[in-house]
Structures are given as structure tokens and as C-alpha cells.
Amino acid sequence: MKNDNTLKTLTAAGLLALAVACEQPAQNKLADNLYMYTIEVQQKYLLLPIENEATEVKMQLLVENTPIGEPINIRIAQNQIDYWIPIEIEAYKGKKLTLSFNEAQNARMGFSKIKQSANYNFVYQEKYRPLYHFSPQYGWTNDPNGMVYYKGEYHLFFQYNPYGCKWGNMHWGHAVSKDLVQWEELPYALAPDKLGAIYSGCVVIDKDNTAGFGKDAMVAIFTSAGEQQVQSLAYSLDNGRTFTKYEGNPVLTHPTIVDFRDPKVFWYAPTQQWIMSLATSQTITFYGSKNLKEWTQLSEFGEGIGNHDGVWECPDLFPLTYEGQTKWVLFVSINPGSPNGGSATQYFIGNFDGKTFTPDPLPYPLWIDYGRDNYAGVTWNNVPAEDGRRLFIGWMSNWDYANEVPTTNFRNAMTLARTLNLAHNGEHLVVASKPVKEMERLRNETISLPNKTATTTTFEQLLNNNDGAYELTFSIIPNGSDNFSFSLLNDKGEELTYIFDIANKTLVTNRAKSSVAFNANFAAMLIKAPLTAKKSYTIRLLVDKASTELFVNDGEVVQTNTIFPTEAYNALRFKTDKGTLSIKNVTIYKLSASETAISY
Ligand code: FRU
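Residues numbered from 1 in each chain as written. Predicted model: local features only at pLDDT ≥ 70, side-chain atom pairs only at ≥ 80, totals over all residues. Heavy atoms only, no water.

Under the annotation held in an unreviewed UniProt entry, the protein chain carries the name GH32 C-terminal domain-containing protein and is attributed to Capnocytophaga bilenii.

Here it is in C-alpha cells:
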């Protein structure tokens, strides 16, 4: 994670004093380090010009001299305008609105370009905009948060910066879906307050009104990240459309632990209490509560087990069954510490008795996804028992380069929603994952290619008019070969290659030549996953403009890797160094768009 300077430099009161003292009209440069922009609101939006690499300034919005919300860190354009960010101001029509900036260099050309507008126009379908993954319309996203199913809707909240495409000003964005495939983005749900920015957390449905916010209240439990990291509550009585922060916040603090965050809560029926898993530096601490407001420490897990190369984040504890037996799985995201660099999510399998998590002896660390781009994922709360699935979504990026990926109006997306289950890989239990079955509804054109047995073979054209959003399924029978590969290719000489190094029990992804150059660390390394020897491998690969999600043998081995090719990959090549490969049932599905774009 990154520095959070929110609230540090200029208080709202300081800016208010300045705004009142300086009653000048329109746009004023008041001093080298201060700039005020004042208008009478007539339109729907205020449009702010942003430059990705500009230094941040602190901005306070005031209406009739009263500060609205907390100061915002924003990269107002200095030299060039990369994109525009809208602020909805319609509610203040006819009133005086002021933007007050501090730490603003004189030369910030963007100040003079700020404007009111009836519309916010931007190119939604930019080059690397996914067609069937959730991404915010504009602005930055990282972790998925607060996933909960309620009254026919899957809610997906997410770490969100509505004021730029780099990390900062953490809000909870919000989207809903009826099928985990088609997402509709709603206005953001939670904005920073006096306790700080809104970091990751969860949502529960309080069926028995244990917290007193109302029966069936949707309660968000999240980290307020200001001077300290503390846990807070907010509740919604209108299906998540509006949230009220609990006036007794924070509900859980710690005097010394700095990294104290990302609560994930569930109701544990045997002891009739809520259980919270919380990341506490490099352990997970479990807390119990009868009412979501008072929490008691139950136990702490993690010392001396698993990977400790970075800070532990975003835990999730939940049951899965294997052959009729219930096991408990604990997810722990870690940054850095990934076997492939940067951030990744490790897990433990064991038992939970309502107080303590006891891991089974397995070859830890184990990772839910051995690709580089699946982080901070957790599972949905309140999925109906008759559905019975354990549903997961992750953030499809990596802290190593997330702030630099070559998109314009938005940055980063979520993985596909996935179903988790326990599987046996031939050596031990693993958490397997695969796309939710609803994904199959997006298959709107199907092409089947002939089976082949060869040393090298290339299917030259996967799709006519390939827009880079498709799914491939096939089986590879190695016929004794212990080193073979398949690659996606395009006419620009770019390629993404998956190497099955059976001799070393490793699946290796090479994306060194897969993408435009934007960050050395992105392309540099070979991305490795453990692979057990099998007579045949079933492959499912979902490609969506800038992402690839590979599921081997029904999700026993998973790799999610982003790619930024110059043009869509449209050829598929198989190769082995010795003998032949048999390639069977190659099927290509063209996939259609999922997100309902908000019209601005
Ligand atoms: C994980 C994380 C969380 C934190 C959030 C802040 O990516 O660092 O631990 O709550 O991001 O945006």
C-alpha cells in the first residue's frame, strides 16, 4: 500500500476561513500557494482537468462558504490534460460554490480550465476497457469490498478514488448485479470523514437487529484510515442505496498496531455471535461480538506459518466441504510476498471451533491464484443456502504496477466472479476456483476447431472481427511429453505463452512480449505455478481485452494475468520439444459485454 496524506495538510476550517476572507468573484490566484475557484452553480457537473503525473494538491469544496465533505487530494493538470473528472453539483443550483486549493503551484494551467457542464463526455470503450469484467466508469479501483447478496442483488462495493486514476481519497464505490455477470454501477456508497479514508471491509445483513439499526439492516464494517487505522460501522435500510455512519464510531481500535485493518465478519450460529477476522500486521486476529459494536479478542493466528514477506491484508474465514467433511479456509492477502512478485493471496485449510483457527499440516504457503493479478479477494456474505455456493471476486491487478497500467479514464478491474471449492490435486487438498456458471450466458458465438496431433500446430484465426473478448476451451494430451506450451499470438509479433514444464512440476507464464511497455517489473518475470503430472489437461482461458484468466483442470491451478497487447490476440499455437501433443475439442466462444454503462 501507499502513503495516505488525506487530511494531513489543510483542515476544512482553515480553508473555510480563507474562503470567507477572500470574497473575490470567479477564479482567483490569492497567493503562490493558494487558488480559489468560485461560481454560481448552473449546470449538472463541474469538470476538473487531471494530469496523471501531476503532483497532488489539496482541494476543499465549499457551498455558500460551508465546507462539503473532507479535503480531497487531486492531480489538477500542470502541463497537459490526460482526462477529466466530474463532480455532480446539480444539488447546489443557484448557490455559490467554491473550490479552494492549497499547495498549488502558480503554473497549474488546469485551474483556468475547470468548468461547469451539462454533460460529462468521455470515451467509455477505451482500448483496454474490459467488456465483461467490472471496472468503474471512471477513476481508480483496488480491493473488492462488502460483497453481500440481498433481495435478488449481488452487491459489489470497491476501493474507489472518484477524483483520479491513481490510488487515493479512498471511498467505497458501489455496483450491483442480478447474475454476477452484468454489473450496474451506482453512486459511491461511503466517502471519507473525520476518522479518515474508507479502507476495505465487509457488509453483513443483520437479520435479528443485533446492532439496533433495524431488522435486516445492511451493515458495513470497514477500516477508517486517518491518523490511526480503526474499525467503523455504517448501515443502510434501503438496499445499500444510502448509508448512515454510526455515530459511535470507531467500534474497534488498537493502541499500537499500525496495520490494523480490513474486517471480514460473519454470523457464527453455534455461539450466537459475529466473528471478525482482522489483519493485524502479520497475523490475523479473530474477534467476537453479539452486536457488531463491542468486540472481544478471541485468538490470533499466523505466527511462524505461511508467507511473512509483507503486510497481511484482507482476511476471510469461511467453511467449504470436501467429501462431506467441513473444513475451514482462511484467506490472507499479502503485499509484498507473492511467489511471483508483489501482491497475492495465500490460504490455509484447517478447523475453526468458534474461537481458534487450527491449520492442517499442508505445504504452506498455498496461493489461490498463481498469476500476478488477483489480489485482496474475499467471498460474498449472505448467499442463500439453497444456492450454496461460496462466491469470490478479486482485484485484477498487482500493487507492483497497478498505478501505472496504460488506461486513461479508469484504472483496474475485478476478476470474474468465481465459485470456490475444495479439490484434491493428487497430493493434497487445494482451494480450486472457476468462473461462476452464469458466465456461460455470455457465449454468443461458438466456433469449434478440428482435433490435431502434432509437434507444432497453429490455429491461425480464432475469430473474425476479434475484439479481444473471448473464451477458449480445449484439452491437451501430452503423450509423454514433459515440456510443451501454448501461446496466444497477434500480427504485431506479441505473444503470451504458457509453458507446461512437467519435469519441474511447474506451469510457467511468459508475458515478457505480451504488452506495450509501461513498467519494467510488469514484463520482467516468468510467472510460475505448481502443476502435478496428469495424463491430460483441460484448459479454460478467458480473455477480456487486457486480462487473461487461466483455469487448468477445473480450477485446480489458476493464473490471472493482465496483458496490454497492441492488438487482440487472434492465433493459438501449440508446441512440444519432443514427441507430439494431441489437442482436442478446441472451442472458441465470443463473449459479449457485461456492464451497463451509466450515460452521462
Ligand atoms: C489492500 C489494501 C487494504 C486496504 C486497502 C486500501 O490492497 O492495502 O489492506 O484496506 O488496500 O486501499
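After that view of the structure, there is still more to cover.
(A) Seen up close, the overall build of the protein chain. When helices and strands are counted, the protein chain shows two helices and 43 strands. In summary, the protein chain has a C-alpha radius of gyration of 25 Å against a globular reference of 25 Å for 600 residues, a match within 12%. Dimensions of the protein chain along its principal axes, counting C-alpha atoms only, are 80 × 60 × 40 Å. Residues counted as buried form 62% of the 600 residues belonging to the protein chain. (Helix = DSSP H or I, 4+ residues; strand = E, 2+ residues; numbered from the N terminus. Rg over C-alpha atoms; globule rule 2.2 N^0.38 Å. Buried < 20%, exposed > 50% of the residue type's maximum accessible area, 1.4 Å probe, protein only.)

(B) Quick look at the nonpolar core. With 71 residues, the main nonpolar core has Phe486, Leu488, Phe500 and Leu572 as its most contacted residues. Ranked by residues supplied to this core, first place goes to strand β22 (residues 325-335) with six residues. Formed by 62 residues, the second largest nonpolar core is a distinct cluster that contains Leu46, Phe134, Phe158 and Trp380. (Core = buried A, V, L, I, M, F, W, Y, C linked by side-chain atoms within 4.5 Å.)

(C) Spotlight on the packing of aromatic side chains. A full pass over the atoms with the stated rule returns 52 aromatic pairs. Taking the centre distance of 6.3 Å and the plane angle of 50° together, the rings of tyrosine 35 and phenylalanine 101 count as tilted. Placement of tyrosine 35 in strand β2 (residues 34-40) and of phenylalanine 101 in strand β7 (residues 96-102) is noted, with a sequence separation of 66 residues between them. Judged by relative accessible area, which is 0%, phenylalanine 101 ranks as buried. Ring centres of phenylalanine 331 and tyrosine 347 lie 6.4 Å apart, and the angle between their planes is 50°; this geometry places the pair in the tilted category. (Phe/Tyr/Trp six-rings, centres within 6.5 Å; stacked < 30°, edge-to-face > 60°.)

(D) Quick peek at the site of the ligand. Contacts to the ligand come from 14 residues, most closely from Asp143, Gln159, Arg261, Asp262 and Glu313. At 3.0 Å from an oxygen atom of the ligand is found a side-chain nitrogen or oxygen belonging to asparagine 142. The side chain of aspartate 143 places a nitrogen or oxygen atom 2.7 Å from an oxygen atom of the ligand. Computed on the free molecule, the ligand has an accessible area of 320 Å², of which 100% lies beneath the protein chains in the complex. Secondary structure elements with two or more residues in the shell around the ligand: β9 (139-150), β13 (197-206) and β17 (260-268). Considering only residue class, the shell around the ligand consists of six nonpolar, three polar and five charged. (Near = heavy atom within 4 Å. Polar contact = N/O pair within 3.5 Å; in protein donor to acceptor, adjacent residues only side chain to side chain. Areas by Shrake-Rupley, 256 points an atom, 1.4 Å probe, with all protein chains shown as cover. Nonpolar A, V, L, I, M, F, W, Y, C, P; charged D, E, K, R; others polar.)

(E) Structural detail: the sheet that holds strand β11 (residues 171-177). What the five strands build is an open sheet, ordered β12-β11-β10-β9-β28; its pairing is mixed. The sheet is open, and its two borders are formed by β12 (183-190) and β28 (410-411), each paired with just one other strand. (Pairing = 2+ DSSP bridges.)

(F) Highlighting empty space enclosed by the protein. According to the stated counting rule, one finds eight cavities of 30 Å³ or more in the structure shown. Volume-wise, the largest cavity comes out at about 160 Å³. Asn412, Ala413, Ala546, Thr562 and Phe564 are, among the 16 residues lining the largest cavity, the residues nearest its centre. For the lining of the largest cavity, the class distribution of residues is nine nonpolar, five polar and two charged. (1 Å grid on protein atoms, 1.4 Å probe; cavity = no way out; pocket = protein on both sides within 12 Å on 5 of 7 lines; lining within 4 Å. Points joined across faces, edges and corners; volume = space filled by probe spheres on them.)

(G) Representation of the side chain of asparagine 307. If you trace the backbone, asparagine 307 turns up in the loop between β20 (296-301) and β21 (311-322). Residue asparagine 307 is classed as buried on the basis of its relative accessible area, which comes to 10%. Of the polar contacts made by the side chain of asparagine 307, one reaches the backbone oxygen of glycine 337; its length is 3.1 Å. Aside from chain neighbours lying at most four places away, what touches asparagine 307 is Trp312, Ile334, Gly337, Gln346, Pro365 and Trp367. (Contact = heavy atoms within 4.5 Å.)

(H) Representation of the sheet that holds strand β16 (residues 244-245) in the model. On the basis of which strands lie adjacent, the open sheet formed by four strands has the order β13-β14-β15-β16 and antiparallel pairing. For this open sheet the edge positions go to β13 and β16, each flanked by a neighbour on one side alone. As judged from the two bridges shared by strand β15 (residues 229-236) and β16, these two strands associate in the antiparallel manner. Note that in β16 the partner of tyrosine 235 across the bridge is threonine 244.

(I) Looking closely at the side chain of serine 514. When you line up the elements, serine 514 lands in the loop between β37 (506-510) and α2 (520-524). Since its relative accessible area comes to 0%, serine 514 is described here as buried. Residues contacting serine 514, with those up to four places away along its chain left out, are Glu494, Glu495, Leu496, Phe522, Ile563, Phe564, Pro565 and Tyr569.

(J) Fine view of the pattern of salt bridges. Enumeration according to the criterion identifies 25 salt bridges in this entry. Where lysine 245 meets aspartate 193, a salt bridge forms, and the shortest distance between an N and an O atom there is 3.1 Å. With lysine 245 in strand β16 and aspartate 193 in the loop between β12 and β13, the pair connects residues that are 52 residues apart, well separated along the chain. Looking at aspartate 193, the relative accessible area reads 17%, which means it is buried. Among the charged side chains, a network of salt bridges with common partners joins Asp259, Arg261, Asp262 and Glu313. (Salt bridge = Lys/Arg side-chain N within 4 Å of Asp/Glu carboxyl O.)

(K) Structural detail: the environment of asparagine 161. Its location among the elements puts asparagine 161 in strand β10 (residues 153-161). Note on asparagine 161: relative accessible area 3%, which makes it buried. Along the primary structure asparagine 161 and asparagine 504 are separated by 343 residues, whereas in three dimensions their C-alpha atoms are 43 Å apart. Setting aside anything within four residues of it in sequence, one finds asparagine 161 in contact with Gly139, Trp140, Lys166, Trp167, Gly168, Asn169 and Met170. Here lysine 166 takes part through its backbone oxygen, which lies 2.9 Å from a polar atom of the side chain of asparagine 161.

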